[in-house]
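# Results of the structural survey
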Amino acid sequence: MFGDMMGMMGKLKEAQQKVEETKKRLDTVFIDENSSDNLLKVTLTANREVKSIEINNELLDDKEQLEDYLVLTLNKAIARATQVNERELAAAAKDGMPNIPGLDLFK
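Heads up: these notes are all about the structure in this document. Keep in mind the model is a prediction, meaning the values are calculated, not measured.

## Focus: a negative patch on the surface
A cluster of acidic residues, Asp37, Glu58, Asp61, Asp62, Glu64 and Asp68, forms a negative patch at the surface. You can see aspartate 68 is positioned in helix H2 (residues 63-96). Its relative accessible area of 48% is what places aspartate 68 among the partly exposed residues.

Structure, rendered in structure tokens:
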């Protein structure tokens, strides 16, 4: 039984390492989101770090419109990045988890 416990602990450390490696990799996965009319484009990493914002000159004339575009487009990009992030981290954690009978954390 003690050997099984040590094996499980090793598997848990492996899972933790896989999750950390995945987090680092997600810094290189980019999510682009455009406004519906392509006047604004934002780029985030899958870890939800803003990398760039491109604004068409047409939007610079209307501060309120630009703010609305930024809020809507950033929220869509963050939602997409969050989906990618959660999916990838869950897969990494599940892949490295030991098989513990009766404990199915990732159904």
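Moving on from the model shown.
## Things to note about the sheet that holds strand E2 (residues 40-45)
Taken together, the 3 strands give an open sheet; going across it, the order is E1-E2-E3, and neighbouring strands pair in antiparallel fashion. The strands lining the two open edges of the sheet, one partner per strand, are strand E1 (30-34) and strand E3 (50-55). The mean angle between the axes of side-by-side strands here comes to 10 degrees, regardless of whether they run parallel or antiparallel. Across 5 bridges, the pairing between E2 and E3 is antiparallel. Bridge pairing links threonine 43 to serine 52 in E3.

The rules behind each value
- Residues numbered from 1 in each chain as written.
- Predicted model: local features only at pLDDT ≥ 70, side-chain atom pairs only at ≥ 80, totals over all residues.
- Heavy atoms only, no water.
- Patch = residues over 30% accessible without salt bridge, like charges linked within 9 Å, V, L, I, M, F, W, Y side chains within 5 Å.
- Areas by Shrake-Rupley, 256 points an atom, 1.4 Å probe, with all protein chains shown as cover.
- Salt bridge = Lys/Arg side-chain N within 4 Å of Asp/Glu carboxyl O.
- Lys, Arg positive; Asp, Glu negative; His and termini not counted.
- Charge placed at Lys NZ, Arg CZ, Asp CG, Glu CD.
- Helix = DSSP H or I, 4+ residues; strand = E, 2+ residues; numbered from the N terminus.
- Buried < 20%, exposed > 50% of the residue type's maximum accessible area, 1.4 Å probe, protein only.
- Pairing = 2+ DSSP bridges.
- Axes fitted to C-alpha atoms, helices over the stretch in contact; angles between N-to-C directions.

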